[in-house]
Amino acid sequence: HGLRKCLNLTALNKHGRVYDDGETDTFNVVTHTVSCFSLTRKTADPDQKYVYCEDWGESLTNKSVPVICVVNLQSGSISVLQGVPHDVSPGQALWAPSSQSVFLVGWYHEPFRLGLRFCSNRRSALFKLDLDGNCERLSGDNLSVSCPRLSPDGSTLFYLQGRVFGPHNQCLSLQQLDLRSRRTSILLDVVNTPQPGRLHTFAGVYEALPPCCLSADGQRVVFSSFYDLPDYGSWKLLTVQKDLMVVCCSSPNTPPTLRVGFLPSAGETVTWQTLQQPVMTFDFHWTVLDVTTPPEEDNTHYSGLDFGAVLVKPSRPPIEAKTPLVVFIHGGPHSQFPAEWNCTTAGLAKLGFAVLMVNYRGSTGFGQDSILSLIGQIGSQDVKDVQTAVRTALQRDIALDPNRLAVIGGSHGGFLSCHLVGQYPEFYRACAARNPVINAATLLGTSDIVDCVGIQYSYDQIPTAEALAAMLEKSPITHAAQIKAPVLLMLGGRDRRVSPHQGLELYKALKSRASPVRLLWFPEDGHSLSRVDTQADCFLNTVLWLHQHL
């Protein structure tokens, strides 16, 4: 236990900056050969100083052409693996059993790169690369793959697979590749619609596999999916070590804590041990609401889909007779609010607000059909779903104040927030939006994920006047003249996904009409507004905005 080796990679001068972005990064050690490899990028050619260099978009700026490096831990020497196809960027690499080759994911460059962060739909393939530079593709063409994981005996490679283009986040299939026969089979297929009426129905795979997720005998793959448990709202698997599972547990009123338990034998249950109780818990009341889509808003292509929301209420109601409600909308649009600890929600509840976190149709965790139902329906189906969820919450809980409603959200959540105050101007009294999409037509030429703007995408497609008109029609900017609620905008100056000029477009439209609007500009932040000081500033300003206008 303790430091055994320290290598100054900069002094070796073999590569550029080591990647640690969570998307493409690699760090893997083979103990019996005391060698490891890490994902880095090639150093720039000074002769190409002014030649435009594509990168992988939001939060991956200047990350363009990675290489795989191998370090000998005994000698300290480093080498760059050769043989990676010139048209792919390698990442997520791991050693093959012989330690003479690696498995890796390669993302295709051609005809040009699109944003990779939070996008499970990028064309990619699984490769095997040996130390002599021989490279072999192991997966099919025109697919999206990720998270290769090797069985303990080295006989089977497991990985996730999805579609190219379409939704940026999707229900994935779990594939297994027999390395001896080279036959691939589906271990878990895409779940189109979870079976209704069954407790704890499996809804599919939506998230990355943990780095270690296999049982010791290689017969079981363990991962997280979406459904809520009664004593803890959310359980997320972190790792499996010699059949010991390490899980992060939380709920809207309980901060994260670690639990461990051994994988059970058939027919047995897990005995969980809590490693450390939360430092504090809160007596917020929370419940998961099932929301039924009204018949007039049913999607004819994906009929009968319901959705949900998580309602969190302060433990002690305010002095007033009823509690103000903040409607909190997630971005994506294909993501989800699990029933887990959320600092923003907890802070608002502690300050006396009830919070409704809406998982509209198109959110993950409800099957692939729910995700696909939103394609072509943004600005309509999702807006109506949020409004239906709010009305449902008000009907079921008379303690909520229908006259003091606010809406907040970021990215697509900001898009929906601005839609709601424009389409229902008498309903909401305040809005706070972080890096919102305001005009899908102008987003087309500025986003790192131009395939998200609501039209059927192909690389060589040139938008028509009709397509641009349709995108404009789906955008909040078309309702800007009807907005009455005060709007707080929070924008990141380095946002590659949703240009800050989107928010500025709404800011100017509201200012020109003397509508109350305030804009916060964070010049060093990107799309997530994730710097600690920025998060604090956004929360404090949001709370002050809500107190002022509710």
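All of these numbers come straight from a predicted model, not from anything done at the bench.

*Asks:* Which residues make up the sheet that holds strand 11 (residues 173-178), and what are the values?
*Replies:* The strand order 9-10-11-12 describes an open sheet built from 4 strands, whose pairing is antiparallel. If you trace the sheet from one side to the other, it starts and ends with strand 9 (144-150) and strand 12 (183-188), each paired once. Across this sheet, the average inter-strand angle for adjacent strands is 30°, counted without regard to direction. For strand 10 (residues 156-162) and strand 11, the ladder comprises 6 bridges, and the chain directions are antiparallel.

*Asks:* Describe the packing of helix 2 (residues 343-350) against helix 9 (residues 532-549), listing the residues and the values that go with them.
*Replies:* Geometrically, a packed helix pair is captured by the angle between its two axes and the distance between the axes. In the contact formed by helix 2 and helix 9, the axes pass within 11 Å of each other and the chain directions differ by 40°. Between helix 2 and helix 9, the crossing angle belongs to the class labelled oblique. At the point where helix 2 passes helix 9, the crossing takes the right-handed sense. Together, Thr 344, Gly 347 and Leu 348 of helix 2 and Phe 539, Val 543 and Leu 546 of helix 9 make up the contact between the two elements. Broken down by class, the residue content of the contact of helix 2 with helix 9 amounts to 4 nonpolar, 2 polar and no charged.

*Asks:* Describe in detail the pairing of strand 18 (residues 307-313), supporting the description with residues and values.
*Replies:* Counted residue by residue, strand 18 has 6 buried out of 7 residues, so it is predominantly covered. Of the strand pairs in this sheet, strand 17 (residues 285-291) and strand 18 are connected by 7 bridges, and their pairing is antiparallel. What sits directly across from Leu 289, in strand 18, is Ala 309. Sheet topology note: the strand 18/strand 20 (residues 354-359) ladder contains 5 bridges and is antiparallel. Bridge pairing in strand 20 places Val 310 opposite Met 357.

*Asks:* A description of the pattern of salt bridges should follow, citing residues and the corresponding values.
*Replies:* Taken as a whole and judged by the stated rule, the model has 15 salt bridges. The residue Asp 141 makes a salt bridge to Arg 137 at a minimum N-O spacing of 3.9 Å. The class for Arg 137 is partly exposed, based on a relative accessible area of 42%. Several salt bridges converge on common partners, so that one network encompasses Arg 123, Arg 137 and Asp 141.

*Asks:* Provide a residue-level description of the packing of aromatic side chains, including the pertinent values.
*Replies:* Within this structure, the stated rule accounts for 8 aromatic pairs. Between Phe 282 and Trp 341 the ring centres are 5.5 Å apart and the planes differ by 25°, which places this aromatic pair in the stacked class. Separated by 59 residues along the polypeptide, Phe 282 in the loop between strand 16 (273-274) and strand 17 and Trp 341 in the loop between strand 19 (323-329) and helix 2 bring together distant segments of the chain. Neither Phe 282 nor Trp 341 differs from the other in exposure class; each is buried. Taken together, Phe 112, Phe 165 and Tyr 459 form an aromatic cluster joined through their ring pairs. One residue, Arg 117, lies across the ring of Phe 118, its end atom 5.7 Å from the ring centre.

*Asks:* Can you lay out the sheet that holds strand 24 (residues 517-522) for me, pointing to particular residues and giving the numbers?
*Replies:* What the 8 strands build is an open sheet, ordered 17-18-20-19-21-22-23-24; its pairing is mixed. Both edges of this open sheet fall to strand 17 and strand 24, since each of them pairs with a single strand only. Each strand of the sheet is rotated relative to its neighbour by a mean of 20°, with strand direction disregarded. For strand 21 (residues 400-410) and strand 22 (residues 430-434), the ladder comprises 5 bridges, and the chain directions are parallel. Across the sheet, residue Ala 406 finds its bridge partner in strand 22, namely Ala 430. On top of the sheet, helix 5 (residues 412-423) reaches strand 19, strand 21 and strand 22; it is set at about 140° to strand 21, its chief contact. Contacts between helix 9 and the sheet are confined to strand 19, strand 21, strand 22, strand 23 (487-492) and strand 24, with strand 24 contributing the most and set at about 175° to the helix.

*Asks:* How would you sum up the nonpolar core? Please name residues and give values.
*Replies:* By size, the foremost hydrophobic cluster in this structure holds 46 residues, and its most contacted members are Leu 325, Val 327, Leu 356, Val 386, Val 390, Tyr 428 and Leu 506. Ranked by residues supplied to this core, first place goes to helix 4 (residues 381-396) with 6 residues. Residues within four places of Val 386 in sequence aside, it is in contact with Val 327, Ile 329, Val 358, Tyr 360, Leu 416 and Leu 420. If you look at the next biggest cluster of nonpolar residues, it comprises 29 residues, including Ala 339, Met 357, Leu 488 and Leu 550.

*Asks:* Give me the lowdown on the pairing of strand 15 (residues 254-262), citing residues and values where you can.
*Replies:* Two elements, strand 14 (residues 244-251) and strand 15, share 7 bridges in a ladder whose sense is antiparallel. In the strand pairing of strand 15, Leu 244 is matched with Phe 262. Turn length for the strand 14-strand 15 hairpin, with the two strands adjacent in sequence and antiparallel, is 2 residues. Where strand 15 meets strand 16, 2 bridges bridge the pair, whose relative direction is antiparallel. In the sheet register, Val 260 faces strand 16, and the bridge partner there is Gln 273.

How each quantity is defined
- Residues numbered from 1 in each chain as written.
- Predicted model: local features only at pLDDT ≥ 70, side-chain atom pairs only at ≥ 80, totals over all residues.
- Heavy atoms only, no water.
- Pairing = 2+ DSSP bridges.
- Helix = DSSP H or I, 4+ residues; strand = E, 2+ residues; numbered from the N terminus.
- Axes fitted to C-alpha atoms, helices over the stretch in contact; angles between N-to-C directions.
- Parallel < 35°, antiparallel > 145°, perpendicular 65-115°, else oblique.
- Left-handed = near helix turned anticlockwise from the far one by under 90°.
- Contact = heavy atoms within 4.5 Å.
- Nonpolar A, V, L, I, M, F, W, Y, C, P; charged D, E, K, R; others polar.
- Buried < 20%, exposed > 50% of the residue type's maximum accessible area, 1.4 Å probe, protein only.
- Salt bridge = Lys/Arg side-chain N within 4 Å of Asp/Glu carboxyl O.
- Phe/Tyr/Trp six-rings, centres within 6.5 Å; stacked < 30°, edge-to-face > 60°.
- Lys NZ or Arg CZ within 6 Å of the ring centre and 35° of its normal.
- Core = buried A, V, L, I, M, F, W, Y, C linked by side-chain atoms within 4.5 Å.

Geometric descriptors of this kind do not, in isolation, establish any biological role.
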